[in-house]
Structure formats: C-alpha cells, structure tokens
Amino acid sequence: MNKHLKNLNRIEFVVTAACTGKCKHCSQGEHRSNDKIDKNSASDAVRKIAREYKIKSVMTFGGEPLLCHETVCEIHNAAREMNIPQRQLITNGYFSKDFDRIKNIAQKIIESGVNEILLSVDAFHQETIPLEYVRAFANAVNVHNVKLQVHPAWLVSADDDNPYNNETRKIQFCC
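Worth saying up front: this structure is predicted, and the values here are computed from it rather than measured.

Quick notes on the rules
- Residues numbered from 1 in each chain as written.
- Predicted model: local features only at pLDDT ≥ 70, side-chain atom pairs only at ≥ 80, totals over all residues.
- Heavy atoms only, no water.
- Salt bridge = Lys/Arg side-chain N within 4 Å of Asp/Glu carboxyl O.
- Helix = DSSP H or I, 4+ residues; strand = E, 2+ residues; numbered from the N terminus.
- Buried < 20%, exposed > 50% of the residue type's maximum accessible area, 1.4 Å probe, protein only.
- Phe/Tyr/Trp six-rings, centres within 6.5 Å; stacked < 30°, edge-to-face > 60°.
- Axes fitted to C-alpha atoms, helices over the stretch in contact; angles between N-to-C directions.
- Parallel < 35°, antiparallel > 145°, perpendicular 65-115°, else oblique.
- Left-handed = near helix turned anticlockwise from the far one by under 90°.
- Contact = heavy atoms within 4.5 Å.
- Nonpolar A, V, L, I, M, F, W, Y, C, P; charged D, E, K, R; others polar.
- Expected span 1.5 Å × (residues − 1).
- Arc of directions from axis to C-beta.
- Polar contact = N/O pair within 3.5 Å; in protein donor to acceptor, adjacent residues only side chain to side chain.

Undergrad: Summarise the pattern of salt bridges; cite the residues concerned and give the values.
TA: Inspection of the entire model under this criterion finds four salt bridges. Measuring nitrogen to oxygen at the nearest pair gives 3.7 Å for the salt bridge that ties Asp 44 to Arg 47. Of this pair, Asp 44 and Arg 47 both sit in helix 1 (residues 39-52), three residues apart, which is roughly one turn of the helix. Judged by its relative accessible area of 37%, Asp 44 falls in the partly exposed class. When the shortest N-O distance is used, the salt bridge between Lys 170 and Glu 167 registers 3.2 Å. You can see Lys 170 and its partner Glu 167 sitting in helix 5 (residues 163-170), three residues apart, about one turn around the helix. Where salt bridges share partners, they join Asp 44, Arg 47 and Glu 81 into one cluster.

Pasting the structure below:
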C-alpha cells in the first residue's frame, strides 16, 4: 500500500471526452476526440485498487460516457464484483436517437451494477440536447435498485437568480 494514498476510497473515470452536447459551461473542451479509455485496463485497475484499498465509490463520466457504454459496463461490473457499494454514473442521457437502443443500453447499465445515476438536465445541456431522448433514458433506468437524480449545473449557486438558473427551474423533468 502506498503511504501517500492510505485514505484512497474513491475511483473516478473520465471514460471519453466525446460528447453529444456542446454546453457552454463544459470544462472538457470541444469534445472532438473519439478517444476512450481501454475497458479492460480500467476494469483491471478497479480490481487491483480495490484489493489494496477500502474503496467505497466508483464513478464514470465524460464527455458523454454512454457513447462508450461497453467501457462503463466493464468498470461497474468490476466494481460490483469487488463489492464496492456506490457505483455512480454521470450522464446527460443523450447518446442515441433510437428508442430501442436507449432501452437496451439502459438495461445493460442496470445489469452492470450502476446503482446511482446523476442526470445532467439544465438550461446549459438542453440548449443542444433534446429532452425526449433524455426522458426515454430516465424512464428506462428508473427502477427500484437504481437511484436516479437530476444533477443540474447551476450558475453561481442553485439559489442564484439569473437567466440560466431560471430556465433550469422551468424544465419539467422528474425522476
């Protein structure tokens, strides 16, 4: 065990920088790259780290991580196998316009062991992301063993009165 990492209890993966949105607030840049992390290396890393440290949480995000859903599933399968209790995914929920594909990938995500989904729904994301596909994904993953919550980006704070926050508050999206 590395003495400098003795309190390590969380692993986070940026699965890809590729994204379906072009959000003004994004810190990931222009999302032009189709690069993604290697799913086998990532899942092996989860197993190796979990053998050495008391990992409580694994998170996958991006860009839009569900553009690489196989990688997301491999990571969370490994986390489930290693009995890591919190297995989170941050997504904008928009990775396909095919409703059957959305349902299929949602099922794979659930089967992989993801137990918490933070769904980015707000004025920034919805400038370029159609809500109908996000709703389809939310409906497909909204099952009893998955905690689904809207995770908006707020400008300044959730309580600040500004045009973006006011637009976010108008979005009718319930999980």
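So that's the structure; there's more coming.
Undergrad: Outline the packing of aromatic side chains, listing residues and values.
TA: Overall, the coordinates contain four aromatic pairs when judged by the stated rule. Following the ring pairs from residue to residue traces out a cluster consisting of Tyr 94, Phe 99 and Tyr 133.

Undergrad: Which residues make up the packing of helix 1 against helix 2 (residues 69-81), and what values go with them?
TA: Contact geometry for helix 1 and helix 2: axes closest at 8 Å, N-to-C directions at 20°. Relative to helix 2, the element helix 1 lies roughly parallel. The crossing of helix 1 and helix 2 is right-handed. Where helix 1 abuts helix 2, its residues Lys 39, Asn 40, Ala 42, Ser 43, Val 46 and Arg 47 lie against Glu 70, Thr 71, Glu 74, Ile 75, Ala 78, Ala 79 and Glu 81. Per-class residue counts for the contact of helix 1 with helix 2 are five nonpolar, three polar and five charged.

Undergrad: For helix 1, give the residues involved together with the corresponding values.
TA: Spanning 14 residues, helix 1 covers 20 Å between terminal C-alpha atoms, matching the ideal 20 Å at 1.5 Å per step. Residues of helix 1 that are buried include every one of Ala 42, Ser 43, Val 46, Arg 47 and Ala 50, and no others. Along the axis of helix 1, the buried positions cluster into a sector of 135°, meaning they face one direction only. Along helix 1, the residues that are exposed and aim more than 90 degrees away from the buried face are Lys 48 and Arg 51. Residues of helix 1 that are buried make contact with strand 1 (10-16) and helix 2. By the N-cap criterion, in which a side-chain oxygen at the helix start approaches the backbone nitrogen of a residue two or three places on, helix 1 is capped by Asp 38, the distance to Asn 40 being 3.3 Å.

Undergrad: Explain the side chain of Thr 91 to me, and be specific about the residues and the numbers.
TA: Among the secondary structure elements, Thr 91 is positioned in strand 3 (residues 86-91). Within the local environment of Thr 91, its side chain forms a polar contact with the side chain of Glu 64, the two groups lying 2.7 Å apart. A polar side-chain atom of Thr 91 sits 2.8 Å from the main-chain amide nitrogen of Gly 93. Once residues lying within four places of it in the same chain are set aside, the contact partners of Thr 91 are Glu 64, Pro 65, Leu 66, Ile 117, Leu 118, Leu 119, Ser 120 and Phe 137.

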